[in-house]
Amino acid sequence: MNYSLKQLKIFIAVARHGSFSRTGEMIGLSQSAISHNIKELEGEMGVRLLDRTTREVALTDAGRRLANRVEPLLDELHAMLLDTRSFGTEQNGRVRVASSQTISAHLMPQCIASSGDLFPDIQILLRDQSQQQVLNSVRNAEVDFGIVIDPGYCNDLDTEIILHEPFLLLCHEDNPLAAKEQVPWTALNEARLVLQDYSSGSRQLIDRAFAELSVKNQVVQEIGHPATLYPMVEAGIGISVLPALALPLPSGSRLVIRPLVPEVNRALMLVKRKNRSLSPAARAIWQVVKQQAQILTDKRKKYGLDFNP
């Protein structure tokens, strides 16, 4: 059968009001348009639904049976559509976000605090994961979106860059490189390095920078958590390269940072599944993360790399 929701709604309206003219006044259609739709519905149903006289319109037994069953269904459908429209504008509920360790430690606290002020009815559930785990969580719909270091081209993800930040040299204050205002990457040739392992999205970018500048060095320790870099370097095990987001340095340490030249940046980006809409709450938090990344960028421009966020 090829009937329409409009035909059913007109039929129910006629059943309620018992008159084409009164129905027309209520729903804003002419009597002829109402009659035409009823005839089409009866033709599809193969049964007469209304008995028409010059004075009134009465339901047949088949029409009464249909009206009794269809009317509550239309009411339920209307309520469901209103609920869906309401959901499309509400900013509440839970938002699941995944990010790598450095991002979780140095960007997400500000994002969670800001969202608490702006959207008190939204709860952020943060997953602190390695870069690849974040991407997998997004792909598997375990989170609403993720924040990662640029993973390169991914045809199954929608991405938006929110922050560019430079890589920096980390060394002990007694290291000769600490006396320089800025340090060429080539000065790290033959150096002993402590670097994050390949679970970090930064490692491949650092390796690429060394390769492009023909810098040879020895990686003496590979660690998983970025905070481990600081005691390793302070103990004299080696020097390190780290992103600016890892600042500030631990209080009371004898460590220094120096800009590396030429400047090599990494891009932080928001990622979500391609062609999948975010909920209103998730869209709100997506915007909060963008705003906090911009605030971080503005602070660095104003105060330099040593600011304490």
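The written sequence of each chain sets the order in which its residues are numbered from 1. Selection of residues for local features in this predicted model requires a pLDDT of at least 70, selection of side-chain atom pairs for listing and counting requires 80 or more, and totals for whole chains, interfaces and linings are taken over all residues. Calculated side-chain values reflect all of the structure's heavy atoms, with hydrogen atoms and water omitted.

*Asks:* Would you explain the overall build of the protein in this entry?
*Replies:* Along the protein, the regular secondary structure elements total 10 helices and 12 strands. Based on C-alpha atoms, the radius of gyration is set beside the globule rule, defined as 2.2 Å times the residue count to the power 0.38. Taking 309 residues into account, the globule formula puts the C-alpha radius of gyration at 19 Å, and the protein, at 32 Å, lies well above it. Each of the three principal axes of the protein carries a C-alpha extent, and together these read 105 × 35 × 25 Å. Note on contacts: a residue pair is in contact if any heavy atoms of the two residues lie within 4.5 Å. Here the contacts in the protein between residues at least 6 apart in sequence split such that 74% fall between residues at least 24 apart. For every accessible area listed, the method is Shrake-Rupley and the probe measures 1.4 Å; residues are considered covered only by the protein chains on display. Carbon and sulfur atoms provide 48% of the accessible area of the protein, an area that totals close to 16,800 Å². The charge count treats Lys and Arg as positive and Asp and Glu as negative. His and the chain ends do not count. Here the site of a charge means NZ on Lys, CZ on Arg, CG on Asp, or CD on Glu. Between the centroid of the 34 positive side chains of the protein and the centroid of its 34 negative side chains there is a distance of 5 Å. Under the DSSP-based scheme used, a helix requires at least four consecutive residues in state H or I and a strand at least two consecutive residues in state E, with every element numbered from the N terminus.

*Asks:* Would you mind going over the nonpolar core with me for this structure?
*Replies:* In summary, soluble globular proteins display a tendency toward joint burial of nonpolar side chains. Only buried residues count toward a nonpolar core, which is a set of Ala, Val, Leu, Ile, Met, Phe, Trp, Tyr and Cys residues joined through side-chain atoms within 4.5 Å. Throughout, exposure labels follow a simple rule: accessible area from a 1.4 Å probe, protein chains only, divided by the maximum for the residue type, with under 20% read as buried, over 50% as exposed, and the rest as partly exposed. Ranked by internal contacts, the top residues of the largest apolar core, which has 47 residues, are Phe145, Ile147, Ile162, Leu188, Val241 and Val289. Among the elements that make up this core, the one with the highest residue count is helix H10 (residues 280-303) (nine residues). Excluding residues within four positions of it along the chain, phenylalanine 145 makes contact with Val95, Arg96, Val97, Ala98, Val138, Leu270, Val271, Lys272, Ala282, Ile285, Trp286 and Val289. Core analysis: the second largest hydrophobic core is formed by 16 residues, Ile12, Ile38, Leu49 and Ala67 among them.

*Asks:* Whenever I open this one, the pattern of salt bridges confuses me. Can you help?
*Replies:* A side chain of one charge can pair with a side chain of the opposite charge when the charged atoms of the two come close. Within this document, salt bridges are pairs made up of a side-chain nitrogen of Lys or Arg and a carboxyl oxygen of Asp or Glu, the two lying within 4 Å of each other. Scanning all chains against the criterion turns up 15 salt bridges. With a closest N to O distance of 3.2 Å, aspartate 61 and arginine 64 form a salt bridge. Here arginine 64 and aspartate 61 lie together in helix H4 (residues 61-87), a separation of three residues that amounts to about one turn. The exposed category is assigned to aspartate 61, whose relative accessible area is 63%. Residue arginine 64 is classed as partly exposed on the basis of its relative accessible area of 38%. One salt bridge connects lysine 274 with aspartate 158, and the closest N-O pair in it is separated by 3.4 Å. With lysine 274 in the loop between strand S12 (265-273) and H10 and aspartate 158 in strand S6 (residues 157-172), this pair connects stretches of sequence that are 116 residues apart. Under the relative-accessibility criterion, lysine 274 is labelled partly exposed at 36%. With a relative accessible area of 22%, aspartate 158 lands in the partly exposed category. One salt-bridge network, held together by shared partners, links Arg16, Glu71 and Asp75.

*Asks:* Mind showing me how you'd approach the side chain of threonine 23 here?
*Replies:* Turning to its location among the elements, threonine 23 is positioned in helix H2 (residues 20-27). With a relative accessible area of 0%, threonine 23 lands in the buried category. Polar contacts, as counted here, are pairs of nitrogen or oxygen atoms within 3.5 Å of one another; within protein the pair requires one atom able to donate a hydrogen and one able to accept it, and residues that are adjacent in sequence qualify only if both atoms are side-chain atoms. Engagement of the side chain of threonine 23 in a polar contact is seen with the backbone oxygen of serine 19, the distance being 2.7 Å. Each residue touching threonine 23, except ones within four places of it in the same chain, is listed here: Ala13, Val14, His17, Gly28 and Ile34.

The quantities given are spatial measurements derived from coordinates; they are silent on function.
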